[in-house]
Amino acid sequence: REYGLCGGQTIFVKIRWGESKIERFPALASELVRLDVDLIVASNSVAARAAQQATTTIPIVVPIMGDPVGDGLVASLARPGGNITGLTFLGPQLVPKRLALLKDALPKASRVIGLWHPAAYGESTMKDMMKEAETAVQTLGLQLRLVAVNGPDELDQAFSTIAEIPADALLVFPSPMLFAERKRIVDLGAKHRLPIIAMGKEFVQLGGLLSYGADIPDFFRRSAVYIDKILRGARPADLPVEQPTKFELFVNLRTARELGLEVPATLVARADEVIE
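A brief look at the structure comes next.

About the cut-offs
- Residues numbered from 1 in each chain as written.
- Predicted model: local features only at pLDDT ≥ 70, side-chain atom pairs only at ≥ 80, totals over all residues.
- Heavy atoms only, no water.
- Helix = DSSP H or I, 4+ residues; strand = E, 2+ residues; numbered from the N terminus.
- Rg over C-alpha atoms; globule rule 2.2 N^0.38 Å.
- Buried < 20%, exposed > 50% of the residue type's maximum accessible area, 1.4 Å probe, protein only.
- Contact = heavy atoms within 4.5 Å.
- Salt bridge = Lys/Arg side-chain N within 4 Å of Asp/Glu carboxyl O.
- Pairing = 2+ DSSP bridges.
- Axes fitted to C-alpha atoms, helices over the stretch in contact; angles between N-to-C directions.
- Phe/Tyr/Trp six-rings, centres within 6.5 Å; stacked < 30°, edge-to-face > 60°.
- Lys NZ or Arg CZ within 6 Å of the ring centre and 35° of its normal.
- Parallel < 35°, antiparallel > 145°, perpendicular 65-115°, else oblique.
- Left-handed = near helix turned anticlockwise from the far one by under 90°.
- Nonpolar A, V, L, I, M, F, W, Y, C, P; charged D, E, K, R; others polar.
- 1 Å grid on protein atoms, 1.4 Å probe; cavity = no way out; pocket = protein on both sides within 12 Å on 5 of 7 lines; lining within 4 Å.
- Points joined across faces, edges and corners; volume = space filled by probe spheres on them.

1. Overview of the overall build of the protein
Phase 1 of the analysis: Helix and strand counts for the protein stand at 11 helices and 10 strands.
Phase 2 of the analysis: For a compact globule of 276 residues, the expected C-alpha radius of gyration is about 19 Å, and the protein comes in at 19 Å, within 12% of that figure.
Phase 3 of the analysis: Overall, the protein is about 55 × 35 × 35 Å in size when its C-alpha atoms are taken along their principal axes.
Phase 4 of the analysis: In the protein, which comprises 276 residues, the share counted as buried stands at 50%.
Phase 5 of the analysis: For the protein, the share of sequence-separated contacts (at least 6 apart) that also reach a separation of at least 24 residues comes to 68%.

Below, the structure is given as structure tokens:
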């Protein structure tokens, strides 16, 4: 609306939702291409890949990308070069920081479970993310046990597996699907009395212990800038991919008390927001 784009009047939006089922994305992308839309908003890297395979001419704006260069979505951040542009949340690079904050919050922790979605991003991004995590846990003296989830219907079984693994905390790896299922994850974590560390403040607001990352909802708001410019004639190839400049640390002390944990005052003092 701020850019004069009013749904049903100056812009008409057709929505296709894959319900976090990646296998549905190619068909949905092809359907949008057949509708001859002027622009496609693909909400994440996996959706962008499906849209990229469906069209090389319709502009594609992606609000949240992991490693757009590594995943082959753009040629470079400064000059995307194709029909895709948008924003990146620096997926792999921030995993070590979250592990370090986990260790700061729980100094005695040694065993961490990593809940991850193997197909969350492209092969390059996922490989880099796992490599960064492995290096970080070795440096921090932590043991990391990975538990994979390929879709929402596997979460209950994943937590049944987690219940049998001795652990001090649960790290939720970046994933659009896991983000969408954050309430279930936080509720299951609480059931098993596991402190949760994740990428988004939304996890902490629901009862997770700690989060560190950029403001994800703001990425969607900022993508409107790209949509407006492209609809006015700009080419995605010439619009640089935006990187976040601010990262937020959220801490939930209420959850800490419920779990019988004491988060160091030095970490609480560094937090952008503390939930009492």
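2. Points about the pattern of salt bridges
Phase 1 of the analysis: The final tally for this structure, using the stated rule, is 14 salt bridges.
Phase 2 of the analysis: Residues participating in the shared-partner salt-bridge network are Lys 201, Asp 215, Asp 218 and Arg 221.

3. Let's talk about the sheet that holds strand 1 (residues 40-41)
Phase 1 of the analysis: Reading across from one edge, 1-2-3 is the order of the 3 strands in this open sheet, with parallel pairing throughout. Looking at the sheet topology across the chains shown, the edges are occupied by strand 1 and strand 3 (84-88).
Phase 2 of the analysis: As judged from the 2 bridges shared by strand 1 and strand 2 (residues 60-65), these two strands associate in the parallel manner. Each bridged residue has a counterpart across the sheet, and for Ile 40 the counterpart in strand 2 is Ile 60.
Phase 3 of the analysis: This element, helix 2 (residues 45-54), spans strand 1, strand 2 and strand 3 of the sheet and lies at about 155° to strand 2.
Phase 4 of the analysis: Strand contacts of helix 9 (residues 216-231): strand 1, strand 2 and strand 3, with the helix running at about 160° to strand 2, the strand carrying the most contacts.

4. Overview of unusual backbone geometry
Phase 1 of the analysis: A positive phi angle is found at Asp 36, which is not glycine, with a value near 60°.
Phase 2 of the analysis: Topologically, Asp 36 is positioned in the loop between helix 1 (25-34) and strand 1.
Phase 3 of the analysis: In this structure Asp 36 comes out as exposed when scored by relative accessible area, which is 62%.
Phase 4 of the analysis: One non-glycine residue, Arg 193, adopts positive backbone phi at about 55°.
Phase 5 of the analysis: Counting through the fold element by element, Arg 193 comes out in the loop between helix 7 (182-191) and strand 7 (196-198).

5. Considering the packing of aromatic side chains
Two descriptors summarise a pair of aromatic rings, namely the distance from one centre to the other and the angle between the planes of the rings.
Phase 1 of the analysis: Overall, the coordinates contain 3 aromatic pairs when judged by the stated rule.
Phase 2 of the analysis: One residue, Lys 97, lies across the ring of Tyr 212, its end atom 5.8 Å from the ring centre.
Phase 3 of the analysis: Over the ring of Phe 179 we find Arg 182; its NZ or CZ atom is 4.3 Å from the centre of that ring.

6. Concerning the environment of Arg 24
Phase 1 of the analysis: You can see Arg 24 is positioned in the segment before helix 1.
Phase 2 of the analysis: Classification of Arg 24 as partly exposed rests on a relative accessible area of 32%.
Phase 3 of the analysis: Filtering out sequence-adjacent residues up to four positions away, Arg 24 remains in contact with Trp 17, Gly 18 and Glu 19.

7. Observations concerning the sheet that holds strand 7
Phase 1 of the analysis: With mixed pairing, 7 strands are arranged side by side in an open sheet as 5-4-6-7-8-9-10. Of all the strands in the sheet, the pair left with one neighbour each is strand 5 (143-148) and strand 10 (273-275). Between one strand and the next, the sheet's axes are offset by a mean angle of 20°, whatever the strand orientation.
Phase 2 of the analysis: As judged from the 3 bridges shared by strand 9 (residues 248-252) and strand 10, these two strands associate in the parallel manner. Note on strand 10: the bridge partner recorded for Phe 250 is Glu 273.
Phase 3 of the analysis: Against the sheet, helix 3 (residues 91-105) makes contact with strand 4 (111-116), strand 6 (169-172), strand 7, strand 8 (210-213) and strand 9, and its axis sits at roughly 150° relative to strand 8, the strand it touches most.

8. Points about the packing of helix 3 against helix 4 (residues 123-140)
Phase 1 of the analysis: Across the interface, helix 3 lies against helix 4 with an axial gap of 8 Å and an inter-helix angle of 25°. The orientation of helix 3 relative to helix 4 falls into the category roughly parallel. For the pair helix 3 and helix 4, the crossing hand works out as right-handed. Taken together, the residues of helix 4 that come into contact with helix 3 (itself represented by Gly 91, Pro 92, Val 95, Pro 96, Leu 99, Ala 100 and Lys 103) are Thr 125, Asp 128, Met 129, Glu 132, Ala 133, Ala 136, Val 137 and Leu 140.
Phase 2 of the analysis: Here the residues of the contact of helix 3 with helix 4 sort into 10 nonpolar, 2 polar and 3 charged.

9. Some details on empty space enclosed by the protein
Phase 1 of the analysis: Scanning all chains against the criterion turns up 1 cavity of 30 Å³ or more.
Phase 2 of the analysis: If you add up the space inside the largest cavity, you get close to 30 Å³.
Phase 3 of the analysis: Along its surface, the largest cavity is lined by Val 172, Phe 173, Pro 174, Ser 175, Leu 178, Phe 179, Ala 198, Met 199 and Phe 203.
Phase 4 of the analysis: Class assignment for the residues of the lining of the largest cavity results in 8 nonpolar, 1 polar and no charged.

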